Amino acid sequence: MTTSPREERAGVGRLEFSVEGMTCASCATRVQKTLNEQPDVTGAQVNFATGNAWVSHESGQAAVDEWQAAVDRLGYHLEPLTEDQPGSEGNETEQATRRWVWRIALAWPLALAIFALTMLLGEHAWARWTAFAAAVPVQFLAGWPFLNGAAERARALSANMDTLIALGTLTAFAYSTVELFTGGHLYFDTAAMIIAFLVLGRYFEARSTSRASAAINTLLEMGAKNARLVVDGAEQEVPVEQVRVDDAVRVRPGEKIPVDGEVVDGRAAVDESMLTGESVPVDKTAGSRVAGATINTDGLLTVRATAVGSGTALAQIVRLVKEAQGGQAPVQRLADRVSAVFVPIVIGIAVLTFAAWSLLGGDPSAGTVAAVAVLIIACPCALGLATPTAIMVGTGRAAHLGILVKGAEVLEGSKKITTVVFDKTGTLTRGQMRLTGIAVDATSESEVLQRAAAVESASEHPVAAAITAAARDRGLELPEVTGFGNVAGHGVRAEVNGTAVHVGRRELFDRERLHLPDQLARHASDGEAQGRTSVYAGWDGQVRGVLSVADTLKDEAVEVVRRLHGMGLEAAMITGDNRQTAETVASEAGIDRVLAEVLPADKATEVRRLQAEGRAVAMVGDGVNDAPALVQADLGIAIGTGTDVAIESSDITLMSGQLDGVVHAIQLSRRTLRTIYQNLGWAFGYNTAAIPLAALGLLNPIIAAAAMAFSSVSVVTNSLRLRRFAHEN
């Protein structure tokens, strides 16, 4: 039983642990099963690749000692991790890599020497005894991790990959030791070369896994180490851990912002690419929110801390990425079930192989070699690494692109999507009004816009803001106005250079008896038919111009819809606007289906209706009223610039707020899932094809060891290709 990222968390706690002693997927499966059997555990996930476990439990019922005792009885060790232990993943993988380096240095020279002595000088007694002497340190020093792991499993009455390696190499070593005294054929070279290849494979595996988990380490390293604390007007440099909420910190140009906070003084452009994936700096002034680990590029800022430590945006991103990397995609469960029974089956096949060669073929020596080959070639390393490494790399790459994937099951959800539903306002559109056109009569566009903007500059209405912004964008100087007055519900009036100027709805001009030329009336009607708001401006008894204002599409909206069509997906839009306005916006964007005049409370119902039609729905939104629809959808995608509740309700969060992140997220999720299938196909196919060859004596154990090591490294290397992901056109 596992806990969904979108499951209600009320009354449920969640703890993270490191698990020591796991060497294959069957180990992780066994630990996970044991943890799930504990009475106070509501869900557990164990990730072989990261060596971590996540345990959900009933609040107040975390019997950690009992969990540790249960796992210890299996021959593994469970160690709690705290928020004060960031970055342990990188240290542990580096240590694991170093542990294999000296074993490679020991095993390979001796194994090659044994191989030469056995193959070239095997008839000489001194060469046979020298090979035996050299094989001892290889078998019991270089190969100690495998032997120790097998012994731990044996004490717990279980078996894993180490069991297969230990049985295989010890069988070859013991058989050769007996033959050393009887004058028979020796297989010390087989045992030694197997261990040499395996330790080399483990080294590359540890190194590759370290690269796969690099996303977490990179994120952790992004945070500032020190902060300039402002106390009584004076700066004091302190470790960032000493900063508390409401403390004031000063950030100079080029420095990282140490905490999440609010700018209280200063102005600067801040590089937020680590948070959003967008490279263009964002201007920050007093009142602006800033996030820790972002970079002040050119100004001096004083920031009041609003979140520190585990409460910062960076810490939350790290937590989400770690949870996603630790999750299990449904496709992994098949691999786990196979791994759990794989080792006993392989041991049985090896015993049958030896018996068949000895009893039916009359050749115990050949039977020994074949049985050893079966034990070695069948080690399910690749099977255990196939899924978690792809998830680690894929979700890590997504985080660097400003895409947070909240669970491994999201990856499979992306494959099934047939329809992408966009909320309109703030998602497909900018969520703010813009001037889209001006029609004039007996005057110039500049004069109409200049006078209208001058009058509207005193108003806070969104339409007024759009007109004022358009005038300033065109470099128009706004003249002083006097006698400003607001006509409730209709518009505004003021004196501009001694002339009374009216700006507003048509009703205002009808009441004031200002003449409306026919061509301006037609222009206004046409614009309103297309969902635009018409603002009239006039003076001296006549309407001089009509300004069209609308909430316009985001720049990337049309291209995003085009690319979704290229992926074979249908695009739909949901909005509370009237159908005419909605159809106009949908036509501009290339949307296939319009769900108009939908009340906020009914958005989830509309998503449910699409699902009832057999569609798998991805919902894209950013507002509070989108949250139920995000949860209802098969895949919920929240625009990160939206509300916290929308982000919490989603499967994928686009931190940048850029709409093209929808395409990137679906592409990367599908690419990651495809990589998992490739890895599993290789791992299953490799074992299925190789075991019969080994049993028939057609596969030398040394070649089997090299192939097994290559198999593990190959699936990790295939997963690492995801680090080079760039969006597909």
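Residues numbered from 1 in each chain as written. Predicted model: local features only at pLDDT ≥ 70, side-chain atom pairs only at ≥ 80, totals over all residues. Heavy atoms only, no water.

A. View of the overall build of the protein. If you tally the helices and strands in the protein, you get 26 helices and 26 strands. Carbon and sulfur atoms make up 54% of the accessible area of the protein, which amounts to about 30500 Å² in all. (Helix = DSSP H or I, 4+ residues; strand = E, 2+ residues; numbered from the N terminus. Areas by Shrake-Rupley, 256 points an atom, 1.4 Å probe, with all protein chains shown as cover.)

B. View of the UniProt feature "transmembrane region" (unreviewed entry) in the protein. Residues given the UniProt feature "transmembrane region" (unreviewed entry) here are residues 100-120, 126-147, 159-178, 184-204, 338-360, 366-387, 676-696 and 702-720. Structurally, residues 702-720 comprises 100% helix and 0% strand, and the distance from its first C-alpha atom to its last is 27 Å. (UniProt positions renumbered as here; feature names shortened; annotations may be inferred.)

C. Region of interest: the packing of helix α5 (residues 144-155) against helix α6 (residues 161-182). The interhelical angle for the contact between α5 and α6, taken along N-to-C directions, is 115°, at an axis separation of 8 Å. Here α5 and α6 pass one another in a crossing that is left-handed. Here Pro145, Phe146, Leu147, Gly149, Ala150 and Arg153 of α5 lie close against α6, whose contacting residues are Asp162, Thr163, Ile165, Ala166 and Leu170. Among the residues making up the contact of α5 with α6, the classes are represented as 7 nonpolar, 2 polar and 2 charged. (Axes fitted to C-alpha atoms, helices over the stretch in contact; angles between N-to-C directions. Left-handed = near helix turned anticlockwise from the far one by under 90°. Contact = heavy atoms within 4.5 Å. Nonpolar A, V, L, I, M, F, W, Y, C, P; charged D, E, K, R; others polar.)

D. Representation of the side chain of serine 719 in the model. Structurally, serine 719 is set in helix α26 (residues 701-720). Looking at serine 719, its side chain comes within polar contact range of the main-chain nitrogen of alanine 390, at 3.4 Å. Apart from the residues within four sequence positions on either side, serine 719 is in contact with Ala386, Thr389, Ala390, Val393, Thr675 and Asn679. (Polar contact = N/O pair within 3.5 Å; in protein donor to acceptor, adjacent residues only side chain to side chain.)

E. Summary view of the environment of alanine 707. Note that alanine 707 resides in helix α26. Its relative accessible area of 23% is what places alanine 707 among the partly exposed residues. For the pair alanine 707 and tyrosine 686, spaced 21 residues apart in the sequence, the C-alpha separation amounts to 9.2 Å. Aside from chain neighbours lying at most four places away, what touches alanine 707 is Ile377 and Tyr686. (Buried < 20%, exposed > 50% of the residue type's maximum accessible area, 1.4 Å probe, protein only.)

F. Representation of the confidence of the model for the protein in the model. Summing up the model confidence of the protein, the mean pLDDT is 82 and the portion of residues at 70 or higher is 86%. This model gives residues 1-11 a pLDDT under 50, and the stretch forms 30 contacts once residues within four places in sequence are excluded. Segment residues 84-90: pLDDT under 50, and 11 contacts once partners within four positions in sequence are set aside and those in other chains are kept. (pLDDT = per-residue confidence, 0-100.)

G. A look at the packing of aromatic side chains. Counted under the stated rule, the structure contains 10 aromatic pairs. With a centroid separation of 5.0 Å and an interplanar angle of 85°, the aromatic rings of tryptophan 108 and phenylalanine 197 are classed as edge-to-face. Note that tryptophan 108 is positioned in helix α3 (residues 88-121) and phenylalanine 197 in helix α7 (residues 188-212), a separation of 89 residues in sequence. Grouping aromatic residues by their ring pairs yields a cluster made of Trp129, Phe132, Phe140, Phe173, Phe181 and Phe188. Stacked on the ring of tryptophan 100, the Lys or Arg arginine 103 has its end atom at 5.9 Å from the ring centre. Sitting over the face of the ring of tryptophan 539, arginine 451 holds its NZ or CZ atom 4.6 Å from the ring centroid. (Phe/Tyr/Trp six-rings, centres within 6.5 Å; stacked < 30°, edge-to-face > 60°. Lys NZ or Arg CZ within 6 Å of the ring centre and 35° of its normal.)

H. Spotlight on a nonpolar patch on the surface. A cluster of nonpolar side chains, contributed by Phe115, Met119 and Leu120, occupies part of the molecular surface with about 330 Å² of accessible area. Looking at the secondary structure, you find phenylalanine 115 in helix α3. (Patch = residues over 30% accessible without salt bridge, like charges linked within 9 Å, V, L, I, M, F, W, Y side chains within 5 Å. Salt bridge = Lys/Arg side-chain N within 4 Å of Asp/Glu carboxyl O.)

I. Just the environment of alanine 524, in detail. Inspection of the secondary structure assignment puts alanine 524 in helix α19 (residues 518-529). C-alpha separation for the pair alanine 524 and serine 548, spaced 24 residues apart in sequence, amounts to 7.6 Å. Discounting residues that sit within four places of it in the chain, alanine 524 has contacts with Ser534, Tyr536 and Val546.

J. Spotlight on the pairing of strand β18 (residues 491-496). Direction of pairing for strand β17 (residues 481-487) relative to β18: antiparallel, over a ladder of 5 bridges. In the sheet register, threonine 482 faces β18, and the bridge partner there is glutamate 495. Bridging between β18 and strand β19 (residues 499-504) involves 6 bridges; their strand directions are antiparallel. The residue of β19 that forms the bridge with valine 492 is valine 503. From the end of β18 to the start of β19, which pair antiparallel, there are 2 residues, and asparagine 497 there has a positive phi angle of about 55°. (Pairing = 2+ DSSP bridges.)

K. Inspection of the sheet that holds strand β16 (residues 429-440) at higher detail. Across the sheet, which stays open at both edges, the 6 strands sit in the order β16-β21-β20-β19-β18-β17 with antiparallel pairing between neighbours. The open sheet has two edge strands, β16 and β17, and neither has a second partner. Averaged over all neighbouring strand pairs, the angle between strand axes comes to 20°, with direction disregarded. Where β16 lies against strand β21 (residues 542-553), 8 bridges are found, and the strand directions are antiparallel. What sits directly across from methionine 433, in β21, is aspartate 551. Against the sheet, helix α17 (residues 462-473) touches β16, β20 (533-539) and β21, its axis set at about 65° to β16.

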